[in-house]
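Listed here are the chains, written in short residue letters.
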Amino acid sequence: QVQLVESGGGLVQTGGSLRLSCAASGRSISSRAMGWFRQAPGKEREFVAAINWSGGTTRYADSVKGRFAISRDNAKNTVFLQMNSLKPEDTAVYSCAARSDLDVAVSPSHYRFWGQGTQVTVSS
């Protein structure tokens, strides 16, 4: 089992920045691809960013390219999402997820373990 706990969400103005953290416990994430997803009220969960087991490969949704950066520190069993130039449309609950595979994936169905999420609100 892998337990994931997100932190770092909050209220920020348009153009501001937040750094989300996903702390894993239980089994190691060092051999797992990790992802960040978000879900706004009344909307489907959508892919944000993913990173492979080593951090050598990343993938981003078009809507966040150039603004968000995913990273990981396997020694600390932690994944991060640096969010810059935030927009109101970024407002959502952000969740991290772990695969039982090394490679990045964009579909939520490919992720086995999920955190409870952290709220990000960007004011206009």
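To keep things clear, this report deals only with the structure shown in the data block.

With that out of the way, let us pick up the packing of aromatic side chains. Taken as a whole and assessed by the stated rule, the structure comprises four aromatic pairs. The interplanar angle of 70° and the centroid separation of 5.8 Å between the aromatic rings of phenylalanine 37 and phenylalanine 47 together place this pair among those described as edge-to-face. Of this pair, phenylalanine 37 sits in strand β4 (residues 34-39) while phenylalanine 47 sits in strand β5 (residues 46-51); the two residues are ten residues apart in sequence, bridging distant segments of the chain. Measuring from centroid to centroid gives 6.2 Å for tyrosine 111 and tryptophan 114, while their planes differ by 65°, and the two rings are edge-to-face. In this structure an aromatic cluster arises from ring pairing among Phe37, Phe47, Tyr111 and Trp114. Across from the ring centre of phenylalanine 80, 4.2 Å away, lies the NZ or CZ of arginine 19, which sits over that ring. Looking at arginine 45, its charged tip hangs above the ring of tryptophan 114, at a distance of 4.2 Å from the centre.

If you trace the backbone, threonine 118 turns up in strand β11 (residues 118-123). Sequence spacing of threonine 118 and cysteine 22 is 96 residues, and the spatial spacing of their C-alpha atoms is 9.7 Å. With near-sequence residues (within four places) excluded, threonine 118 lies in contact with Glu6, Ser7, Gly8, Gly9, Leu20, Ala92, Val93 and Tyr94. For threonine 118, the side chain forms a polar contact with the main-chain nitrogen of glycine 9, separated by 3.2 Å.

Another aspect to go through is the state of the cysteines. Evaluated as defined, the whole model comprises one disulfide. Bridging cysteine 22 to cysteine 96, the disulfide has an S-S length of 1.9 Å. Across the disulfide from cysteine 22 to cysteine 96, rotation about the S-S bond amounts to roughly 60°, and the bridge is consequently right-handed. Of this pair, cysteine 22 sits in strand β3 (residues 18-26) while cysteine 96 is found in strand β9 (residues 92-98), placing the two residues 74 residues apart along the sequence. Cysteine 96 shares its class with cysteine 22; the two are buried.

Below, the discussion takes up the side chain of arginine 32. When you line up the elements, arginine 32 lands in the loop between β3 and β4. Although arginine 32 is buried, it makes no salt bridge; aspartate 101 carries the closest opposite charge, 9.6 Å away. At 3.3 Å, the side chain of arginine 32 forms a polar contact with the backbone oxygen of serine 28. With near-sequence residues (within four places) excluded, arginine 32 lies in contact with Val2, Arg27, Asn52, Trp53, Arg72, Ala98, Arg99, Ser100, Asp101 and Phe113.

Let us now look at the sheet that holds β3. Reading across from one edge, β1-β3-β8-β7 is the order of the four strands in this open sheet, with antiparallel pairing throughout. Single-partner strands in this sheet number two, and they are β1 (2-7) and β7 (68-73). Within this sheet the neighbouring strands show an average axis-to-axis angle of 15°, counted without direction. Relative to strand β8 (residues 78-83), β7 runs antiparallel, the two being bridged by six bridges. Bridge pairing in β8 links aspartate 73 to threonine 78.

Conventions used here
Residues numbered from 1 in each chain as written. Predicted model: local features only at pLDDT ≥ 70, side-chain atom pairs only at ≥ 80, totals over all residues. Heavy atoms only, no water. Phe/Tyr/Trp six-rings, centres within 6.5 Å; stacked < 30°, edge-to-face > 60°. Helix = DSSP H or I, 4+ residues; strand = E, 2+ residues; numbered from the N terminus. Lys NZ or Arg CZ within 6 Å of the ring centre and 35° of its normal. Contact = heavy atoms within 4.5 Å. Polar contact = N/O pair within 3.5 Å; in protein donor to acceptor, adjacent residues only side chain to side chain. Disulfide = S-S within 2.5 Å. Buried < 20%, exposed > 50% of the residue type's maximum accessible area, 1.4 Å probe, protein only. Lys, Arg positive; Asp, Glu negative; His and termini not counted. Salt bridge = Lys/Arg side-chain N within 4 Å of Asp/Glu carboxyl O. Pairing = 2+ DSSP bridges. Axes fitted to C-alpha atoms, helices over the stretch in contact; angles between N-to-C directions.

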